[in-house]
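Single-letter residue listing:
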Amino acid sequence: MTEPFSVPVTVRGYETDVLGHLNQSVYLQYAEHARWSVLRAAGIGQADLAARGVGPVVLETTIRYLRELRAGDEVEVTCAFLWGEGKSFRIEQTVRKTDGTVSAEITAVGGLMDLTERRLVPGARDAFKSLAADPGPLGL
């Protein structure tokens, strides 16, 4: 099995809360950053999606906070798509410090929405594969 796609992030001071650790909502921003980064690595940009009349949507997100992060910490945010046959798919993400400590595990359920019909596109896996110049980063 290959390593999941990952992006480096440095925790910025303004992202921390009064306790001095990364604010819980910022984990969602890091996850979103990694998801858009993997789409770009696959050759799928926001303009490409809009031109096709579709857009990725998050249907559900679960975060397990395991270890705190502080300003200046260097982390890798992974992103691995788990494809099924239907309209939705799972994305598993990990926020890991460079020393290997796992700070958070994020699991999301996503889909690809038809922006005109406002409904999920059937066969999300095939739809993303057809959009990608390089489907490898998406696990396709």
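Residues numbered from 1 in each chain as written. Predicted model: local features only at pLDDT ≥ 70, side-chain atom pairs only at ≥ 80, totals over all residues. Heavy atoms only, no water.

For the chain, an unreviewed UniProt entry supplies the name Acyl-CoA thioesterase and the organism Streptomyces triticiradicis.

With that settled, the discussion passes to the nonpolar core. Residues Ile-44, Val-77, Phe-81, Val-95, Leu-112, Phe-128 and Leu-138 are the most contacted members of the largest nonpolar core, which totals 36 residues. Put simply, the parts of the chain that give this core at least two residues each are strand S1 (5-10), helix H1 (24-41), strand S3 (74-82), strand S4 (88-97), strand S5 (102-114) and helix H3 (124-131). In terms of residue count, H1 provides more of this core than any other element does, eight residues in total. Those residues in contact with Phe-81 that lie beyond four places of it in its chain are Val-38, Phe-89, Arg-90, Ile-91 and Leu-138. (Core = buried A, V, L, I, M, F, W, Y, C linked by side-chain atoms within 4.5 Å. Buried < 20%, exposed > 50% of the residue type's maximum accessible area, 1.4 Å probe, protein only. Helix = DSSP H or I, 4+ residues; strand = E, 2+ residues; numbered from the N terminus. Contact = heavy atoms within 4.5 Å.)

In this structure, the largest pocket encloses a volume near 200 Å³. As for the largest pocket, its lining consists of 14 residues, of which Thr-2, Glu-3, Pro-4, Ala-80 and Gly-139 are closest to the centre. With four residues, the top contributor of residues to the lining of the largest pocket is S3. Residue classes in the lining of the largest pocket are distributed as 10 nonpolar, three polar and one charged. Volume-wise, the second largest pocket comes out at about 150 Å³. Surrounding the second largest pocket, Glu-32, Arg-35, Trp-36, Leu-39, Pro-56, Val-57, Val-58, Phe-81, Phe-89, Ile-91 and Phe-128 form its lining. Contributions of two or more residues to the lining of the second largest pocket are made by H1, strand S2 (54-65) and S4. (1 Å grid on protein atoms, 1.4 Å probe; cavity = no way out; pocket = protein on both sides within 12 Å on 5 of 7 lines; lining within 4 Å. Points joined across faces, edges and corners; volume = space filled by probe spheres on them. Nonpolar A, V, L, I, M, F, W, Y, C, P; charged D, E, K, R; others polar.)

Bringing H3 into the picture now. For the α-helix, the turn length of 3.6 residues means that residues three or four positions removed from each other point alike. When we look at burial in H3, the residues that qualify are Ala-124, Ala-127, Phe-128 and Leu-131. Around the axis of H3, the buried residues are gathered within 95° of arc, so they sit on the same side. Where H3 is buried, its residues meet H1, helix H2 (46-52), S2, S4 and S5. (Arc of directions from axis to C-beta.)

Further remarks concern the side chain of His-21. Relative to the elements of secondary structure, His-21 occurs in the loop between S1 and H1. Polar side-chain contacts of His-21 include one of 3.2 Å to the side chain of Glu-68. (Polar contact = N/O pair within 3.5 Å; in protein donor to acceptor, adjacent residues only side chain to side chain.)

Our next topic: unusual backbone geometry. The phi dihedral of Arg-118 falls on the positive side, at around 60°, and the residue is not glycine. In this structure, Arg-118 sits in the loop between S5 and strand S6 (119-120).

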